[in-house]
Structure formats: C-alpha cells, structure tokens
Amino acid sequence: SFSKYAQNRNFEAASVFRSSVTRIPVKKSARKLRVSFTVPELKLLLRTPNEAKRNGKRDKTLLSLMYASGARAQEICNLKVKDVIFQDSGVAIIILTGKGGKARKIGIPASCATILERYILSKEIESKPQRHIFSSQTHEMMTVSCIEEIFKKHVSACREAHPHLFPAGSYPPHAMRHTTACHMLEAGIPLIVIKNFLGHVSIATTQVYAEVSQDLANRHLKTWSERWFGAAPSEDATDSERRENAIPDFLQT
C-alpha cells in the first residue's frame, strides 16, 4: 500500500521500490473452513436465551433477526427504529446499511417480525425513529464485540448441554450469515437471489458463502443412488423383489 502511495507521489523515485515490492512472494496460509450451524444446532441456539432474565429477550431477538436477514454484525449494530417497516400482512421490511454505506431493503418473515415488534414495544422506543434497536449495558448503540460475546455465551451454553453438537472451535457472528446462505441454497433459492439478499457486489462472493453443505450433498447423492441403483430393499422384501430392486431403472427398461 505504501509503495502504491509513493509511486503516485513521485513515479520516478518510487518505481524501483515498487518493482521490488511486487516481486516479494505472498505468504501462503491455510484456508479457514467457514463454519455454519446445522438445523438442530440452530434450533437449540434460538431457544437458549431465557426471556425471563435480563437481556434474554434482546439476545433472542438479535439471534432470530440475524438468521432471518443474513445481516452482518455491523449492519445489526447500525439498525434503527426508522429502518424497520412492519406490514399489514405480518412480515416486515428492514433497511440494512452495509459496507461503504450502501443500503438495501430485505423482507423478514412474520415469525421473526413478530419477535422484533414485541421487543421494540418492550423497550418503548417505537416512537423514537433515531434510536438504535439493539443496545448494550453501557452504550445506546451495540458494538460488534458485544454481539461476539452474545454468540460465545449462548453457543457455549448449547455445547455444554449437548456435547455432541457444535464441533467447530468457535462460532463468530458471521457463522449465522453463512448459515442463512447455506439454508437458502438448500431450499432451492437461485444464487442470484441469495446474492441480492446478502448484499454482495459479485456473485463470486456469494458462491464462497453459499457452499454446499454435507447434508445437501448427501441428499443429492441418495437421490442419485436410488435413481440409478434402486432403493435399498426392506427386511420384509422377497428374494425376487431384492433382485428386481438391485437392477438400475435404465437396465430394466
């Protein structure tokens, strides 16, 4: 970055330095595996916050909204009362301000919209459009580090209660965004729609986020296997049925 800056200031003086810098090989590092929540893990996580305790309702609303919207942590921090528009149909439109100050409108389902509306009413901020929806104990506007602590707290509680789940070392807030992308892909939503929903500039970025999960791969492989090799015969099947089921469809015809 400095060599680019120097070259723009005085091309002749910095050209040799810039040329030397560009010849330095880039250090290769191991690619981090993107983590996401399975459906059972997600259900547990959304049920973990105790609404009877302080901040329990806030945490439940925050986790639910992050999954329903696929929003970045900073976008959730920036969200104000004026950015939420509740519809007569029960759904809600929210305006998210992302990277570079770019705003986008997305819809969230009625189930999440109801949770969000009840939370806003409980805070008595529905008539204060400039108030941030989520706040911490010390600041009116929540910070990303606070959201990270919320995830860490509730994932740890889930892991303690269900040691066989949540195998990854850590689950940052961005894991929820990745989870949303994966689940949308599994539901058959086109990649271009997911791109617009997540606010990506390039569809190449969406392809990185919306990696095919193992569950989706297993379902496709099972469908392919049953189509070409037949479904596994039941224990009550006769010998002739077993032989017939062992023959692929294209050979039977």
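Structure: see above.
Procedures and definitions
- Residues numbered from 1 in each chain as written.
- Predicted model: local features only at pLDDT ≥ 70, side-chain atom pairs only at ≥ 80, totals over all residues.
- Heavy atoms only, no water.
- Helix = DSSP H or I, 4+ residues; strand = E, 2+ residues; numbered from the N terminus.
- Buried < 20%, exposed > 50% of the residue type's maximum accessible area, 1.4 Å probe, protein only.
- Contact = heavy atoms within 4.5 Å.
- Areas by Shrake-Rupley, 256 points an atom, 1.4 Å probe, with all protein chains shown as cover.
- Pairing = 2+ DSSP bridges.
- Axes fitted to C-alpha atoms, helices over the stretch in contact; angles between N-to-C directions.
- Core = buried A, V, L, I, M, F, W, Y, C linked by side-chain atoms within 4.5 Å.

A. Layout of the overall build of the protein. When helices and strands are tallied, the protein shows 13 helices and three strands. Residue burial in the protein is summarised as follows: out of 253 residues, 34% are buried. When contacts within the protein are restricted to residue pairs at least 6 apart in sequence, those whose partners lie at least 24 apart make up 56%. When the accessible surface of the protein is summed, it comes to about 16,000 Å², and 55% of that surface belongs to carbon and sulfur atoms.

B. Structural detail: the sheet that holds strand β2 (residues 92-97). What the three strands build is an open sheet, ordered β1-β2-β3; its pairing is antiparallel. Two strands in the sheet have a free side with no partner beyond their single neighbour: β1 (84-86) and β3 (103-108). Here the strands of the sheet are splayed against their neighbours by 20° on average, with no regard to which way each runs. Of the pairings in the sheet, the one linking β1 to β2 comprises three bridges and is antiparallel in character. Bridging from a neighbouring strand, Ile85 pairs with Ile93 of β2.

C. Highlighting the pairing of β2. Alternating positions in β2 separate cleanly, Ala92, Ile94 and Leu96 being buried on one face and Ile93, Ile95 and Thr97 remaining unburied on the opposite face. Relative to β3, β2 runs antiparallel, the two being bridged by six bridges. Pairing of Ile95 across the sheet is with Lys105, part of β3. Taken together, β2 and the strand that follows it, β3, pair antiparallel across an intervening segment of five residues, in which Gly100 is found at a positive phi of about 70°.

D. Structural view of the nonpolar core. Ranked by size, the top nonpolar core spans 48 residues in total, and within it Phe37, Leu62, Leu65, Ile108, Ile133 and Ile147 carry the most contacts. Here this core takes six residues from helix α7 (residues 144-161), the largest share from any one element. With sequence-adjacent residues up to four places away left out, Phe37 is seen in contact with Leu42, Leu45, Phe151, Val155, Phe166, Tyr171, Ala175, Met176, Thr179 and His183.

Any link to function would need more than the numbers given here.
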